[in-house]
Amino acid sequence: MQSNLFDQKNLEVQSQNRFTLQNPQMLRVALGEDVLSVKGAMVAYQGQIQFNHEGAGSMGKLLKKVVTSEDVPLMRVSGRGEVFFASAAGYVFLIDLTGDGISVNGRNLLAFDSRVQWDIKRVQGAGMMSGGLFNMLLQGQGTVALHSVGQPVVLDCSQQPTFVDVQACVGWSANLVPQVVNSMNMKSMLRGGSGEAFQYAFHGPGFVIVQPDEWTPAAQSGGGGGLIGNLMS
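The name given to the protein in an unreviewed UniProt entry is AIM24 family protein, and the organism recorded there is Barrientosiimonas endolithica.

What follows is the structure, encoded as structure tokens:
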């Protein structure tokens, strides 16, 4: 059988690294220690692998379920072998945490080392009109894999105020504390609005990652809403 499908670039990457990019849009993880991933992100695996729902792990995280209605639950991946992760053909990026942290939009999260500490944080100023925005804070030691819809840009927020559409924001350095600002005015509302009602406002030493696409706002129910919800279940 002959085909350019079997070119070397499409064959499985052989690497001693635990986290490896199989290609720009697919992650390969060699299991030893457990990995946490977003449910539904696994596209293939080889070996003896188990997948189990990952609960909140603490009462504090569990209580946050009361004010979130997000639907990005985590699963624990364990065993021996290789697991391949991808989501919406997004471009995958690896971030090695060395005691620092990053705040990530749940829709852009793919997988991370189980030893990385995680928590749900509400963005300051994100009230009911903005849907009650929540991000996932990842801190400590280990690798985090993110995916972006299209090629992202990383903006330096230290030189001047930086504003990012809340649906295009992939994440930001954990030391930054964004505010949610509302650009609507009465004239804009009466004429149907601009479509750019809410933005994150950043200013200070750190970075923000922006993708060239805007997520469709998640359906809201009950409480604050957003993108993380069942991470707590």
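Our focus in this paragraph is the confidence of the model for the protein. The predicted model of the protein averages 83 in pLDDT, with 76% of residues at 70 or higher. Counted against residues more than four places away or in other chains, residues 65-71, with its pLDDT under 50, gives 31 contacts. Per-residue pLDDT stays below 50 along residues 188-194; that stretch engages in three contacts with residues further than four places along the chain or on separate chains.

Let us look at the nonpolar core. Ranked by internal contacts, the top residues of the largest apolar core, which has 18 residues, are Leu 109, Phe 112, Trp 118, Met 136, Leu 138 and Leu 146. For this core, the secondary structure elements donating two or more residues are β3 (35-38), β6 (91-104), β7 (109-113), β8 (117-122) and β9 (134-148). Ignoring any residue separated from it by four or fewer positions in sequence, one finds Leu 138 in contact with Leu 97, Asp 100, Gly 101, Ile 102, Val 104, Leu 109, Phe 112, Val 116, Gln 117, Trp 118 and Val 144.

Here we come to the pairing of strand β1 (residues 19-23). When β1 meets strand β2 (residues 26-31), the two strands line up antiparallel, connected through four bridges. The partner of Phe 19 across the bridge, within β2, is Val 29. In textbook terms, the turn of a hairpin is the stretch between consecutive antiparallel strands, and for β1 and β2 this stretch comprises two residues.

When you line up the elements, Val 13 lands in the segment before β1. Excluding anything up to four places from it in sequence, Val 13 contacts Thr 20, Leu 21, Gln 22 and Arg 28.

A few words now on the state of the cysteines. If you walk through the whole model with that rule in mind, you get zero disulfides. The cysteine Cys 157 is free of any disulfide, with Cys 169 supplying the nearest cysteine sulfur at 8.8 Å. By relative accessible area, which is 0% here, Cys 157 ends up buried.

The subject of this paragraph is the pattern of salt bridges. Inspection of the entire model under this criterion finds seven salt bridges. In this structure, Arg 115 engages Glu 33 in a salt bridge whose closest nitrogen and oxygen atoms are separated by 2.8 Å. Taken as a pair, Arg 115 in the loop between β7 and β8 and Glu 33 in the loop between β2 and β3 lie far apart in primary sequence, 82 residues in all. Residue classification places Arg 115 among the partly exposed residues on the basis of a relative accessible area of 44%.

This part is about the sheet that holds strand β11 (residues 162-165). Taken in spatial order, the three strands make up an open sheet running β11-β14-β13, and their pairing is antiparallel. The sheet is open, and its two borders are formed by β11 and β13 (179-182), each paired with just one other strand. Each strand of the sheet is rotated relative to its neighbour by a mean of 40°, with strand direction disregarded. Both β13 and strand β14 (residues 198-202) contribute to a ladder of four bridges, which runs antiparallel. Within β14, the position partnered with Val 181 by the bridge is Gln 199.

Another aspect to go through is the layout of surface pockets. One number sums up the size of the second largest pocket: a volume of about 200 Å³. Secondary-structure elements contributing two or more residues to the lining of the second largest pocket are β8 and β9. When the residues that make up the lining of the second largest pocket are grouped by side-chain class, the tally is seven nonpolar, three polar and two charged.

The rules behind the values
- Residues numbered from 1 in each chain as written.
- Predicted model: local features only at pLDDT ≥ 70, side-chain atom pairs only at ≥ 80, totals over all residues.
- Heavy atoms only, no water.
- pLDDT = per-residue confidence, 0-100.
- Contact = heavy atoms within 4.5 Å.
- Core = buried A, V, L, I, M, F, W, Y, C linked by side-chain atoms within 4.5 Å.
- Buried < 20%, exposed > 50% of the residue type's maximum accessible area, 1.4 Å probe, protein only.
- Helix = DSSP H or I, 4+ residues; strand = E, 2+ residues; numbered from the N terminus.
- Pairing = 2+ DSSP bridges.
- Disulfide = S-S within 2.5 Å.
- Salt bridge = Lys/Arg side-chain N within 4 Å of Asp/Glu carboxyl O.
- Axes fitted to C-alpha atoms, helices over the stretch in contact; angles between N-to-C directions.
- 1 Å grid on protein atoms, 1.4 Å probe; cavity = no way out; pocket = protein on both sides within 12 Å on 5 of 7 lines; lining within 4 Å.
- Points joined across faces, edges and corners; volume = space filled by probe spheres on them.
- Nonpolar A, V, L, I, M, F, W, Y, C, P; charged D, E, K, R; others polar.

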